[in-house]
Amino acid sequence: MPAAPKIYRGNSVPLPDRELAALIDAHPKPRAIAQYSYGTAGFRYEASLLPCCFVRMGIFAALRSASLGGEEVGAMITASHNPEPDNGMKLADSHGGMLDAAWEQHAVSLANAPTSKHALALIRTLSEHATGYHPPTTVDGKLPKMVVHIGRDTRSHSPPLAALVIKAARAMGATVIDHGEVSTPMLHHFVMHANGHLLPSIIPQRCNESGYYEIMAMSYATLLRTGAVAGGKRLPTTSKLVIDGACGIGALKIDKFQRIFAMLRSEGCTSLPALQTVNFPGDGPLNDNCGAEFVQKQQLPPEIYSKSAGGISKQYVTSYDGDADRVVFHYEDGAGKFHLLDGDKIAVLVSSFIQEELRCLDPEGKAVKCGVVQTAYANGSSTLYLKNVVKTNVVIAKTGVKFVHAAAHHHFDVGVYFEANGHGTVLFGPNFYDFIASADARLRGTPRHNRANIALRRLRVLPALVNQSVGDAMSDMLLVDAILFLRGWDLSTWAKLYSDMPSKQAKVKVADRTVISTNGNETAATAPAALQAALESAMDAMASRENVGSGPKPRCFVRPSGTEDAVRVYAEAISQKGADSLASEAMMLVYKLCGGVGSPPKPLITNRL
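Per chain, the residues get numbers from 1 upward, laid out in the order the sequence is written. At least 70 in pLDDT is required for a residue's local features to be given in this predicted model, at least 80 for side-chain atom pairs to be given and counted, and no such filter applies to totals for whole chains, interfaces and linings, which use all residues. Side-chain measures here rest on the full set of heavy atoms in the structure, leaving out hydrogens and waters.

1. Points about the overall build of the protein chain
Here is step 1 of the chain: Starting at the N terminus, helices and strands are each numbered in turn, a helix being any DSSP run of H or I of at least four residues and a strand any DSSP run of E of at least two. Along the backbone of the protein chain there are 18 helices and 20 strands.
Here is step 2 of the chain: Radius of gyration here uses only the C-alpha atoms, and the compact-globule reference equals 2.2 Å multiplied by the residue count raised to the power 0.38. Radius of gyration (C-alpha) of the protein chain: 25 Å, near the 25 Å computed for a compact globule of 609 residues.
Here is step 3 of the chain: With the C-alpha coordinates of the protein chain rotated into their principal frame, the extents come out at 70 × 70 × 55 Å.
Here is step 4 of the chain: For every residue, the accessible area (1.4 Å probe, protein chains only) is compared with the maximum for its type, and the residue is labelled buried under 20%, exposed over 50%, or partly exposed between those bounds. In the protein chain, buried positions account for 58% of the 609 residues.
Here is step 5 of the chain: Residue pairs in contact within the protein chain that sit at least 24 positions apart in sequence constitute 72% of those at least 6 positions apart.
Here is step 6 of the chain: When the accessible surface of the protein chain is totalled, it reaches about 24,300 Å², and 53% of it is carbon and sulfur. Contacts are assigned to residue pairs that have any heavy atoms within 4.5 Å of one another. All accessible-area figures derive from a Shrake-Rupley calculation using a 1.4 Å probe, and residue coverage is judged against the displayed protein chains alone.

Set out below in structure tokens:
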């Protein structure tokens, strides 16, 4: 059984200012850091640069919990898919999702306070904010209740960094729950389930690691069992699922999950695949030539570092990233050719399955609004397939998981989002839960083999199986496997749903990235004034050269980097040569119109061996 978390009980009374100042001063801001910046999910830097930031974020996490009247929050120590020397922190709000955008600004301000005196002034302001919204019942210096959950990945520097966060949160009087080594989705799950009043009643409340495995496994098994009366079939090509753990935390957790699979088999669930995990921590360098980031970006199979792996099957393989919040699938065909099924492919599979089940209960498709959120990086073929074949709504959001997650919540009752890199989930809103309750009352007493009844049982378990707070490699892997089983498919059948348009990504260094701006979802440049018109002329010219008819059209877009003075370029076309050519032209336009530095960009050529 997983070890129980270590709990440090707090009294809600912060240390005196002089002691807080001493704690902050003991970890000064490194000279190499001009300004800590908060990325898509938090702070991320080379590990030696982080103690200053982490002490302050331990204090901050306690204050965030206080501002919510004692609702529990979390801090995950990880640098996700980054190399081993890096580390970072992802902050979880009380609903289990990412930190509220307004509080991101407070986090950045505290991280960059120039002195302990300035930091204490900010701490005082946030403390007053918390007590103003949630006045204490006494006047003895207490803040509202504070609870902070801490998790960390397998990097060698994660334990000392986590210890700093714990020390700082305790200095504020917070209760700290240290979960030790867990995946990022697990930490978010713990936070979401700890705040039970925010959890939909359809999802069983399970606040610890054993509960995380249990709720997921039971939901997965329930979904598989619906195939017994509706044509589910485990093909030989999906009988063994190989999991590339990226030499990170995901491999360790899947190994524990194996025990639950053994229990399910003993209870008669015979439709489970065999699981083989490779690339454990210590087998090889974290995220190096393995894992979801490498496989998706390079479109190559992972290196297998595990010496005991032997000859593994290449018919059914999935790759996690370093903190197990991303997953992609891949296989080699009979000719040895590598095939990738990325987040776009996952979004198509999952959304088509959910739409099919919903139509069994609501043939008109009016009761529940479903849709898929993509970014500008989604392959154009996937977008057309979703619109024309799945016949679902598609919304394009700004790049970054916090933007697609928010859009899925805002636009849909059932919102599916998967970025091409494999990070994604399915979010279910209040209208979906009302619909399920209504369908349950309507179908009560009908035969279990009734197709509508089967659809109801399938849909009812999805919110428990699919992590409702963040993308979760393990959860998403089980969902995909269940859908393939229920449809009697393997990866090759899934891959044939549509063919990706060839694409090319590149970047151009510029003197100042702020000279370029885009529209809200980054599909078009709004400045410099001449840039978008020039890009559209390039796209039209490529469409003419490739004789595009009614199918997908060549497209490209550019966006400023969030971390460096550079402009990122994406292009896709009917042929790889066309995508390379369009990307090269877009790079030259950026170089000329946006203040490119250094030598002009050279033409791009993709060499597919």
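2. Observations regarding the sheet that holds strand 14 (residues 414-418)
Here is step 1 of the chain: For two strands to pair, DSSP has to find at least two bridges joining them. Read from one edge to the other, the open sheet built from four strands follows the order 13-12-14-15, with strand pairing classed as mixed. One side of each edge strand has no neighbouring strand; the edge strands of this open sheet are strand 13 (393-396) and strand 15 (424-428). Averaged over all adjacent pairs, the angle separating strand axes in this sheet is 20°, with direction ignored.
Here is step 2 of the chain: Looking at chain direction, strand 12 (residues 370-374) and strand 14 are connected through four bridges and run parallel. Paired with Gly371 across the strands is Gly415, a residue of strand 14.
Here is step 3 of the chain: Running at roughly 160° to strand 14, helix 12 (residues 401-411) makes contact with strand 12, strand 13, strand 14 and strand 15 of the sheet. An axis is simply a line fitted to the C-alpha atoms; with a helix, the fit covers only the stretch in contact. Between two such axes, the angle follows the N-to-C directions and lies from 0 to 180 degrees.

3. Some details on the sheet that holds strand 20 (residues 566-572)
Here is step 1 of the chain: Strand order in this open sheet of three strands is 16-20-19, and the pairing throughout is antiparallel. Single-partner strands in this sheet number two, and they are strand 16 (503-509) and strand 19 (555-560). Neighbouring strand axes in the sheet, compared pairwise and without regard to direction, differ in orientation by 15° on average.
Here is step 2 of the chain: The pairing of strand 19 with strand 20 spans six bridges and is antiparallel. Paired with Pro560 across the strands is Val567, a residue of strand 20.

4. Focus: the side chain of His193
Here is step 1 of the chain: Tracing the chain through its elements places His193 in helix 6 (residues 184-194).
Here is step 2 of the chain: If we skip the residues at most four places from it in the chain, His193 touches Leu199, Ile203, Pro204, Gln205, Arg206, Cys207 and Ile215.

5. Overview of unusual backbone geometry
Here is step 1 of the chain: Of note, the amide linkage connecting Ala527 to Pro528 takes the cis form, showing an omega dihedral of -5°.
Here is step 2 of the chain: Along the chain, Pro528 turns up in the loop between strand 18 (525-527) and helix 17 (531-545).
Here is step 3 of the chain: In the Ramachandran plot, Ser80 falls in the positive-phi region, its phi being about 55° despite a non-glycine side chain.
Here is step 4 of the chain: Secondary-structure assignment places Ser80 in the loop between strand 3 (73-77) and strand 4 (86-92).
Here is step 5 of the chain: Located in the positive-phi region is Gln299, a residue other than glycine, with phi close to 50°.
Here is step 6 of the chain: Tracing the backbone through its elements, the reader meets Gln299 in the loop between helix 9 (291-298) and strand 9 (317-320).

6. Some remarks on helix 10 (residues 343-361)
Every α-helix winds through 3.6 residues per turn, so residues three or four apart in the chain are directed the same way.
Here is step 1 of the chain: In a helix, the anticipated span is given by 1.5 Å times the number of residues less one. Taking 1.5 Å of rise per residue, the 19 residues of helix 10 would be expected to cover 27 Å, and the 27 Å separating its terminal C-alpha atoms lies within 8% of that figure.
Here is step 2 of the chain: Most of helix 10 sits inside the fold, with 16 of its 19 residues counted as buried.
Here is step 3 of the chain: Looking at where helix 10 begins, the residue whose side-chain oxygen comes 3.1 Å from the main-chain nitrogen of Asp344 is Asp342. Think of a polar contact as two N or O atoms within 3.5 Å of one another; within protein, one of them needs to be a possible hydrogen donor and the other a possible acceptor, and neighboring residues in sequence only count if both atoms come from side chains.

7. Some points on the pattern of salt bridges
Here is step 1 of the chain: A pairing counts as a salt bridge when a side-chain nitrogen of Lys or Arg comes within 4 Å of a carboxyl oxygen of Asp or Glu. Overall, the coordinates contain 24 salt bridges when judged by the stated rule.
Here is step 2 of the chain: Note that Arg124 is salt-bridged to Asp17, the shortest N-O span being 3.1 Å. Linking Arg124 in helix 4 (residues 116-133) with Asp17 in helix 1 (residues 17-25), this pair joins segments that are 107 residues apart in sequence.
Here is step 3 of the chain: The class for Arg124 is partly exposed, based on a relative accessible area of 39%.
Here is step 4 of the chain: On the basis of relative accessibility, which here comes to 40%, the residue Asp17 falls in the partly exposed class.
Here is step 5 of the chain: Across the pair Glu209 and Lys253 runs a salt bridge, and its minimum N-O distance is 3.0 Å. Note that Glu209 is positioned in helix 7 (residues 209-225) and Lys253 in helix 8 (residues 249-266), a separation of 44 residues in sequence. As far as the burial class goes, Glu209 and Lys253 line up, both buried.
Here is step 6 of the chain: Through salt bridges that share partners, Glu356, Glu357, Arg451, Arg458 and Arg487 make up one connected network.

8. A word on helix 17
Here is step 1 of the chain: Relative to the 21 Å expected for 15 residues at 1.5 Å per residue, helix 17 spans 21 Å between its end C-alpha atoms, a close match to the ideal helical length.
Here is step 2 of the chain: When we look at burial in helix 17, the residues that qualify are Leu531, Gln532, Leu535, Ala538, Met539, Met542 and Ala543. Angular distribution of buried residues about the axis of helix 17 spans 135°; they occupy a single face of the element. Facing away from the buried surface of helix 17 by more than 90 degrees, the exposed residues are Asp540, Ser544 and Arg545.
Here is step 3 of the chain: Tucked into the core, helix 17 has its buried residues touching strand 18, strand 19 and helix 18 (576-593).
Here is step 4 of the chain: Residue Asn547 follows helix 17 closely and has a positive phi angle near 55°. Summarising the geometry, the arc corresponds to the directions from the helix axis toward the C-beta atoms.

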